Amino acid sequence: MSRLLWQVRARLGYWLARRLFHWPAALRQPRVWQWMQGQYGRMANLGDHTAQSFYGHILLFRGQGLGAREEGLRLLRLAANGGDGKAAYQLGVQALQGDTRQAPDASQAVGWWEMALAAGHPLAASRLSQLYRDGAPGLDADLQVAERYAAMADEATRSGR
């Protein structure tokens, strides 16, 4: 099969799987859900940042086991580095929470949230403001920086972003 045809099939399958995602009856069917995940994975492997973000979130929050979580985080990192603000925001949340293998890292969360802010994520500035106001493991409180991010958050709220 030619590469172009394979890409067209991948895009059509992904489009259909995204539509089925909003049907609870389809999500309850194990074979349909497995097929849908295959479509999400195939599109993510093609390098589509939207698909990487979407499937990364699914694996992170709905996947079973550590392998699914790690793959979800990997896909979110790819999407965030491709400019997806939602993925970058979620990576900041995960960095600040930490897990059994990694302690919470506020400086890493700042990096992800600054990337999300640059991509236009509406909550990134307020989370950065809160983080700098309160301080966190690996990050000292800085009220001047907190106020700067608070002003950005207020501006985003007023402009409707």
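Notes on the structure in this doc start here. What you see is a predicted model; the values in this text were computed from it and never measured.

### Here we look at the layout of surface pockets
Over the atoms, a rolled probe matching the size of one water molecule traces out where space is still vacant.
Here comes step 1: The computed volume of the largest pocket comes to approximately 230 Å³.
Here comes step 2: Around the largest pocket, the lining comprises 13 residues; the ones closest to its centre are Leu73, Arg77, Ala95, Gln102 and Gln108.
Here comes step 3: When contributions to the lining of the largest pocket are tallied by element, the ones reaching two or more residues are α5 (66–81), α6 (85–97) and α7 (106–118).
Here comes step 4: The element best represented in the lining of the largest pocket is α5, accounting for 4 residues.
Here comes step 5: Within the lining of the largest pocket, the residues separate by chemical class into 4 nonpolar, 4 polar and 5 charged.

### What about the environment of Val8?
Here comes step 1: Residue position: Val8 is located in helix α1 (residues 3–20).
Here comes step 2: Separated by 81 residues in sequence, Val8 and Tyr89 place their C-alpha atoms 30 Å apart.

### Brief notes about the packing of helix α4 (residues 49–62) against α6
Here comes step 1: Relative to each other, α4 and α6 sit at 25°, their axes nearing to 10 Å. With respect to each other, α4 and α6 are oriented roughly parallel. Classified by chirality, the crossing of α6 by α4 is left-handed. Along the contact surface, α4 presents Ser53, His57, Leu60 and Phe61, while α6 presents Lys86, Ala87, Gln90 and Gln94.

### Quick look at a nonpolar patch on the surface
Here comes step 1: Side chains of Leu4, Leu5, Val8 and Leu12 sit close together on the surface and give an oily, nonpolar patch of about 390 Å² of accessible area.
Here comes step 2: In this fold, Leu5 is placed in helix α1.

### So, α4
An α-helical segment advances 3.6 residues per turn. Residues three or four places apart therefore align on the same side.
Here comes step 1: The end-to-end C-alpha distance of α4 is 19 Å, a good match for the 20 Å that 14 residues give at a rise of 1.5 Å each.
Here comes step 2: A large share of α4 lies buried, amounting to 10 of its 14 residues.
Here comes step 3: For α4, every residue scored as buried is listed here: Ala51, Gln52, Ser53, Phe54, Tyr55, Gly56, His57, Ile58, Leu59 and Leu60.

Calculation criteria
- Residues numbered from 1 in each chain as written.
- Predicted model: local features only at pLDDT ≥ 70, side-chain atom pairs only at ≥ 80, totals over all residues.
- Heavy atoms only, no water.
- 1 Å grid on protein atoms, 1.4 Å probe; cavity = no way out; pocket = protein on both sides within 12 Å on 5 of 7 lines; lining within 4 Å.
- Points joined across faces, edges and corners; volume = space filled by probe spheres on them.
- Helix = DSSP H or I, 4+ residues; strand = E, 2+ residues; numbered from the N terminus.
- Nonpolar A, V, L, I, M, F, W, Y, C, P; charged D, E, K, R; others polar.
- Axes fitted to C-alpha atoms, helices over the stretch in contact; angles between N-to-C directions.
- Parallel < 35°, antiparallel > 145°, perpendicular 65-115°, else oblique.
- Left-handed = near helix turned anticlockwise from the far one by under 90°.
- Contact = heavy atoms within 4.5 Å.
- Patch = residues over 30% accessible without salt bridge, like charges linked within 9 Å, V, L, I, M, F, W, Y side chains within 5 Å.
- Areas by Shrake-Rupley, 256 points an atom, 1.4 Å probe, with all protein chains shown as cover.
- Salt bridge = Lys/Arg side-chain N within 4 Å of Asp/Glu carboxyl O.
- Expected span 1.5 Å × (residues − 1).
- Buried < 20%, exposed > 50% of the residue type's maximum accessible area, 1.4 Å probe, protein only.

Such coordinate-based values are descriptive only and should not be taken to indicate function.
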